[in-house]
Amino acid sequence: MTDPAKDDDRPAVSYDPPPTADPAPYTPENYDPPASDSTLPEPPAPEPVAPELPPGSFETPAAHIPGTPYAAPGQPVYQPYPPAYSQPYGSPAPYVQPPYVPGPPQRQDNALAIGALVCSILGLCSGITAIAGLIMGHVALSKTNRGEGGGRGMATAAVIVGYVVIALWFSFFTTMIILAANGQLD
């Protein structure tokens, strides 16, 4: 093993690298691109893409599909006309506002919810109609949750008023029974 402190392994003469020559300057070669090769096929033109519908709109169901040879019974035969103008290749299609299609009419308050509220309020006079109002209110709430009718607020109010009226009648009868048991009603 050699001792690193000893200089026996080193040569007695120092080494100087040979001088380098200056590199040759870079000159790019003249490049002529090849002429267009007529043997290669042209790339196919991309198919035109139908414009997407704006959010919230939909295509009319059961609409007549242009280009079909048959029309629906009782409908006139569709005669396609050429487009009024042509779009240059690559330009986007113009945005066309779809025609306004009114939705279903807003539903009125559910008659069951109205009846439930009336019965619940009349339950202050007699407890029996409060029970009927409570049951009708729950049925009206389930119908509004399924989307079969409106009047959710009235149905909720009928249920709340029905429970309050039943609680009042229950507390009234409980108080009367307690007072009668103690002899306070004499």
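Right, let's walk through the structure included here. Note that the structure is a prediction, hence the values are computed from the model and not measured.

A word on the packing of aromatic side chains
Right, on to step 1. Tallied over the full model, the rule gives three aromatic pairs.
Right, on to step 2. Aromatic ring contacts, followed pair by pair, group Trp-169, Phe-172 and Phe-173 into a single cluster.

Considerations on the packing of helix H1 (residues 111–122) against helix H3 (residues 152–181)
Right, on to step 1. Taken N-terminus to C-terminus, the directions of H1 and H3 make an angle of 20°; their axes are 8 Å apart at the nearest point. With respect to each other, H1 and H3 are oriented roughly parallel. Judged by the sense of rotation from one axis to the other, the crossing of H1 with H3 is left-handed. Side by side, H1 and H3 meet where Ala-113, Ile-114, Ala-116, Leu-117, Ser-120 and Ile-121 of the first sit next to Met-154, Ala-155, Ala-157, Ala-158, Val-161, Gly-162 and Val-165 of the second.
Right, on to step 2. Residues belonging to the contact of H1 with H3 are distributed by class as follows: 11 nonpolar, two polar and no charged.

A few points about the side chain of Thr-144
Right, on to step 1. You can see Thr-144 is positioned in helix H2 (residues 127–146).
Right, on to step 2. For Thr-144, the side chain forms a polar contact with the main-chain oxygen of Leu-141, separated by 2.8 Å.
Right, on to step 3. When sequence neighbours within four positions are dropped, the list of residues in contact with Thr-144 reads Gly-149, Gly-150, Gly-151 and Arg-152.

Thresholds, definitions, all that
Just so you know, the residues in each chain are numbered from 1, in the order the chain's sequence is written. Confidence filtering applies because this is a predicted model: local features only for residues at pLDDT of at least 70, side-chain atom pairs given and counted only at 80 or more, and all residues used for totals across whole chains, interfaces and linings. Excluding hydrogens and water, the side-chain values take into account all heavy atoms of the structure. Each aromatic pair joins two rings of Phe, Tyr and Trp (for Trp, the six-membered one) with centres within 6.5 Å, and gets the label stacked for planes under 30 degrees apart, edge-to-face for over 60, and tilted for any other angle. A fitted line through C-alpha atoms represents every axis, and for helices the fit uses only the stretch in contact; the resulting angles, taken between N-to-C directions, go from 0 to 180 degrees. The helix count covers DSSP runs of H or I at least four residues long, the strand count covers runs of E at least two residues long, and both are numbered beginning at the N terminus. Should an angle fall under 35 degrees it is taken as roughly parallel, and over 145 as roughly antiparallel, whereas 65 to 115 is taken as roughly perpendicular and any remaining angle as oblique. Working rule for handedness: look at the near helix, and if it is turned counterclockwise from the far one by less than a right angle, call the crossing left-handed; if clockwise, right-handed. Contacts are residue-level and defined by heavy atoms, with any inter-residue pair within 4.5 Å sufficient. Here the term charged refers only to Asp, Glu, Lys and Arg, the term nonpolar to Ala, Val, Leu, Ile, Met, Phe, Trp, Tyr, Cys and Pro, and the term polar to all other amino acids, Gly among them. Each polar contact in these results corresponds to two N or O atoms within 3.5 Å; when the atoms are within protein, one needs to be able to donate a hydrogen and the other to accept it, and residues that are neighboring in sequence are counted only if both atoms are side-chain atoms.

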